[in-house]
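Coordinate inspection notes
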Protein chains: 2
Amino acid sequence: MSKQPEKSALNKSESTPASPNINPVSINKIKAYRRQQLKGEELSKQLLEGNKTALSLGITLIESNQATHQKEAQKLVETCLPYASKSIRIGITGVPGVGKSTFIEAFGSYLVDLGKKVAVLAVDPTSSVSRGSILGDKTRMEKLVTRKNAFIRPSPSGDSLGGVAKKTRESIILCEAAGFDVILIETVGVGQSETTVHSMTDFFLLLKLAGAGDELQGIKRGIIEMADAIIINKADGENLKAARNARLEFKRALHLYPPKKSSWEPKVLLCSSLNNTGIEEIWDLLKDYFNLTQKNNHFEHNRSEQNKFWMLQTINEHLKNQFYQHPEIKLALKEQLKALDNNEITPFAAAEYLIEKYNSL
Amino acid sequence: MSKQPEKSALNKSESTPASPNINPVSINKIKAYRRQQLKGEELSKQLLEGNKTALSLGITLIESNQATHQKEAQKLVETCLPYASKSIRIGITGVPGVGKSTFIEAFGSYLVDLGKKVAVLAVDPTSSVSRGSILGDKTRMEKLVTRKNAFIRPSPSGDSLGGVAKKTRESIILCEAAGFDVILIETVGVGQSETTVHSMTDFFLLLKLAGAGDELQGIKRGIIEMADAIIINKADGENLKAARNARLEFKRALHLYPPKKSSWEPKVLLCSSLNNTGIEEIWDLLKDYFNLTQKNNHFEHNRSEQNKFWMLQTINEHLKNQFYQHPEIKLALKEQLKALDNNEITPFAAAEYLIEKYNSL
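Attention here is on the structure that accompanies the text. (Residues numbered from 1 in each chain as written. Chains lettered and ligands numbered in written order. Predicted model: local features only at pLDDT ≥ 70, side-chain atom pairs only at ≥ 80, totals over all residues. Heavy atoms only, no water.)

**Topic: the pairing of strand E2 (residues 118–123) of chain B**
Residues and elements named next belong to chain B. Extensive coverage of E2 is indicated by the burial of six of its six residues. Residues Val118, Val120 and Ala122 line one face of E2 and the alternating positions Ala119, Leu121 and Val123 line the opposite face, and both faces are buried. Summarising the sheet, E2 and strand E3 (residues 150–152) pair through three bridges and their orientation is parallel. Along E3, the bridge assignment pairs valine 120 with isoleucine 152. Bridge count between E2 and strand E4 (residues 182–187): six bridges; the pairing is parallel. (Buried < 20%, exposed > 50% of the residue type's maximum accessible area, 1.4 Å probe, protein only. Helix = DSSP H or I, 4+ residues; strand = E, 2+ residues; numbered from the N terminus. Pairing = 2+ DSSP bridges.)

**A closer look at the relation of the copies chain A and chain B**
Mapping chain A onto chain B leaves a residual RMSD of 0.1 Å; the transformation is a rotation of 180° accompanied by 0.0 Å of translation along its axis. Both chain copies can therefore be described as sitting about a two-fold axis. Here 100% of the contact residues of chain A are again contact residues in chain B; the copies associate through an equivalent surface. (Least-squares fit on C-alpha atoms with pLDDT ≥ 70 in both. Contact = heavy atoms within 4.5 Å.)

**Looking at the packing of aromatic side chains**
Across all of its chains, the model carries 26 aromatic pairs over all chains by this definition. Where Trp310(A) meets Phe348(B), the ring centres are 6.1 Å apart and the plane angle is 55°; that geometry is what we call tilted. With Trp310(A) in helix H14 (residues 298–324) and Phe348(B) in helix H15 (residues 347–360), this residue pair bridges two chains. Phe348(B) sits in the buried class, given a relative accessible area of 6%. Where Phe103(B) meets Phe107(B), the ring centres are 5.4 Å apart and the plane angle is 15°; that geometry is what we call stacked. Residue Phe103(B) and its partner Phe107(B) are located together in helix H5 (residues 100–113), separated by four residues, close to a single helical turn. Phe103(B) gets classed as buried once you look at its relative accessible area, which sits at 0%. On the basis of relative accessible area, Phe107(B) is assigned to the buried category, the value being 0%. The residue whose ring lies beneath Lys117(B) is Phe180(B), and the NZ or CZ to ring-centre distance is 4.5 Å. Directly above the aromatic system of Trp264(B) lies the positively charged group of Lys267(B), at a separation of 4.3 Å from the ring centroid. (Phe/Tyr/Trp six-rings, centres within 6.5 Å; stacked < 30°, edge-to-face > 60°. Lys NZ or Arg CZ within 6 Å of the ring centre and 35° of its normal.)

**Things to note about helix H16 (residues 347–360) of chain A**
Taking 1.5 Å per residue as the helical rise, H16(A) with its 14 residues ought to reach 20 Å, and the 20 Å between its terminal C-alpha atoms agrees with that figure. Those residues of H16(A) not exposed but buried are Pro347(A), Phe348(A), Ala349(A), Ala350(A), Ala351(A), Leu354(A), Ile355(A) and Tyr358(A). (Expected span 1.5 Å × (residues − 1).)

**As for the interface of chain A and chain B**
Each partner contributes to the interface: chain A provides 50 residues, whereas chain B provides 50 residues. Carbon and sulfur atoms make up 70% of the surface buried where chain A meets chain B, a total of about 4,400 Å² over both sides. Counting across the interface, chain A meets chain B through zero salt bridges. Applying the counting rule to chain A against chain B returns six residue pairs in polar contact (both at pLDDT 80 or more). For the side of chain A that touches chain B, the elements supplying multiple residues, two or more each, are helix H4 (67–80), helix H8 (161–177), helix H10 (215–220), H14, helix H15 (327–341) and H16 of chain A. At 15 residues, H14(A) tops the list of elements feeding residues into the side of chain A that touches chain B. Of the residues assigned to the side of chain A that touches chain B, the class counts are 28 nonpolar, 12 polar and 10 charged. (Buried area = accessible area lost by both parts, 1.4 Å probe. Salt bridge = Lys/Arg side-chain N within 4 Å of Asp/Glu carboxyl O. Polar contact = N/O pair within 3.5 Å; in protein donor to acceptor, adjacent residues only side chain to side chain. Nonpolar A, V, L, I, M, F, W, Y, C, P; charged D, E, K, R; others polar.)

**Structural notes on the sheet that holds strand E5 (residues 203–208) of chain B**
Residue and element names in this part refer to chain B. Taken together, seven strands build an open sheet; the order of strands is E3-E2-E4-E1-E5-E6-E7 and the sheet is parallel. Of all strands in the sheet, those with a lone pairing partner are E3 and strand E7 (267–270), marking the two edges. Each neighbouring strand pair of the sheet contributes to a mean axis angle of 20°, computed without reference to strand direction. H5 contacts strand E1 (88–93), E2, E3, E4 and E5 of the sheet and is inclined by roughly 180° relative to E4. (Axes fitted to C-alpha atoms, helices over the stretch in contact; angles between N-to-C directions.)

**Things to note about the pattern of salt bridges**
Residues and elements named next belong to chain B. For the structure shown, the criterion picks out 18 salt bridges over all chains. Taking the shortest distance from any N to any O, the salt bridge between glutamate 63 and arginine 153 comes out at 3.1 Å. With glutamate 63 in helix H3 (residues 52–63) and arginine 153 in the loop between E3 and helix H7 (161–177), this pair connects stretches of sequence that are 90 residues apart. Note on accessibility: glutamate 63 and arginine 153 belong to one class, buried. Of the charged contacts in the structure, one is a salt bridge between glutamate 317 and lysine 320, with a shortest N-O distance of 3.8 Å.

**Focus on the nonpolar core**
Residue and element names in this part refer to chain B. Counting 51 residues, the largest nonpolar core has Leu47, Leu55, Leu174, Cys175 and Ile230 as the members making the most contacts within it. Considering every element that reaches this core, the biggest residue donor is H7, with seven residues. Inspection of this core shows a minimum of three residues originating in each of domain 1 (5–80) and domain 2 (83–297). Apart from the residues lying within four places of it in its own chain, the contact partners of cysteine 175 are Leu55, Ile59, Ala119, Leu121, Phe151, Phe180 and Ile183. (Core = buried A, V, L, I, M, F, W, Y, C linked by side-chain atoms within 4.5 Å. Domains from an automatic or database assignment.)

**Re empty space enclosed by the protein**
On inspection of all chains with the given rule, the structure shows three cavities of 30 Å³ or more. Of the volumes computed, that of the largest cavity is approximately 50 Å³. Surrounding the largest cavity, Ile59(B), Glu63(B), Leu121(B), Ala122(B), Arg153(B), Pro154(B), Pro156(B), Lys167(B), Thr168(B) and Ser171(B) form its lining. At the level of elements, H3, E2 and H7 of chain B are the ones that each hand at least two residues to the lining of the largest cavity. With three residues, H7(B) is the largest single contributor of residues to the lining of the largest cavity. Partitioned by chemical class, the residues of the lining of the largest cavity number five nonpolar, two polar and three charged. In this structure, the second largest cavity spans a volume of roughly 40 Å³. Lining the second largest cavity, in full, are Ile59(A), Glu63(A), Leu121(A), Ala122(A), Arg153(A), Pro154(A), Ser155(A), Pro156(A), Thr168(A) and Ser171(A). (1 Å grid on protein atoms, 1.4 Å probe; cavity = no way out; pocket = protein on both sides within 12 Å on 5 of 7 lines; lining within 4 Å. Points joined across faces, edges and corners; volume = space filled by probe spheres on them.)

Given below as structure tokens:
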């Protein structure tokens, strides 16, 4: 097992390696014990009571690629489903160095102080390569991690973005069933990860630094368009003036976009996780947003649209995989690609040929 | 037939209605005669000889939605295929009012004077609604349309963008087989039409006006990123100074993008179709581009990638249609959507259920 840690989801994530001082034999014994203790109904019972160990084990089942675990996981998710959906889901993104972890530490602690139960998840398709650029190092959230009403889980690793997304969405259900009422989902700007997180959250928060000059990048990739709020982070000390200027600039940029379906007007706020300023304002803003969207029904409608999106997305991916991974289609596709390159067939005739072949198999 | 003009591709496009002074009976007689005269081998023979009437009839076959015409069209396209691919394909886009028709008139005439054979096609998914916002009014290209070596064809109408795209791509093949060596494909910025035209052309040209203030729009929708050249049009008289400023601004904006796969650096040029200035520079630019991309093999590689893209695109669309239009899936999908809304199932479990059902049908 220790040779192939990535194949067992019952190991800790690679991004948070176990301390070398711990005897691996003991770890395995403890794990085996836990697994035996918490299975099936007992696991779901404890999870629904808010037991964080049970929640953790449940997510481990979801993240496992072993068939028996997957079956157990599906059952668990189904059991949890009626108790889920009672939270608010907040997506948080920003380039590395913008201070996401420090922000989540401050914001999460503030929410726990308010009596909220806060779960922090992450979507990071690169974590298997970079060994966890986000949430990997829990010590960066050293205060939050010790709080009883906080739960922090790194991104599932070793998987495609689609795989990570499915696992994260199912983990959200477990967190909600365990009574967590604020779910923070962190992502880093890699590939399509923001779009993925945007499509599983109620509110999308973009962290920015003053004067970073990556506005065009954000516009180009559609990140600014998705944001419900832009937070200029590290707005303290010498940065403060630049942060205020950046705020004006982003406000102007936001006005160039068409109104959102939620009829919410995105806001730009300043924040210093260092000085602990701006956190309360952000929470006030979020409350305004949830008041508005619960009244105008966008909240429910959006969640329903997201469910639909994920169902259709999963179907479409599956249809494509089923087609392109069929051994006979693989062969025929090669031939057609060759014929295309030799200008012997049009792309449309080649497609028709392959579809007909597929349907006759 | 006159009651349902949109169902017969052998009528003139709706966007170019026939003069009311012409007896419809005569039109039908002439059409029937032409059709009889030019069919099968005779049609392809005359088309390959460069006969514009044959080319026109061939495209009419491609645009027809009648099964017998489609069969004839496919045969014709296959016959033409070995003689195609010898042209350069230039995509031209810009918002309404930017002067696309006047530019194409000037640019096309210049190319014909150089001894080129120029075909002008259009991709306009809205033409069936708006009755032809582009190329519909051939009189806007009154000089070019009279030239022996020019061929102008409005966008096929009454179809989805996918349908228009397929028809246009096949029409390109016929134009090339008829000896046209420069294909200009015009589109207007609606929905995905620029992306569609970009994926069927070798060079993508964006027309702009000075001070129109829609730069952000272009960046947002990825149009600027696709452009191989930006032409500031109507750079004459009082506009000239503003046009020069706009040129600098766009040059700066272009530098923010990563290098293109073609290793071509997009250029910004000024042009006045009114004063006939800038046209020669644009042609010089195009020659530079084609020299570069033929040397570094991007030209061939790009066409091959485009073929592949269109084949895969067609397959994927078909797989989806086949699934979602299946009567039993339609019913089951409704049920699953309801279960989703009632929070009785996860999107992933619903997708799995539908896929399993589909595979068992």
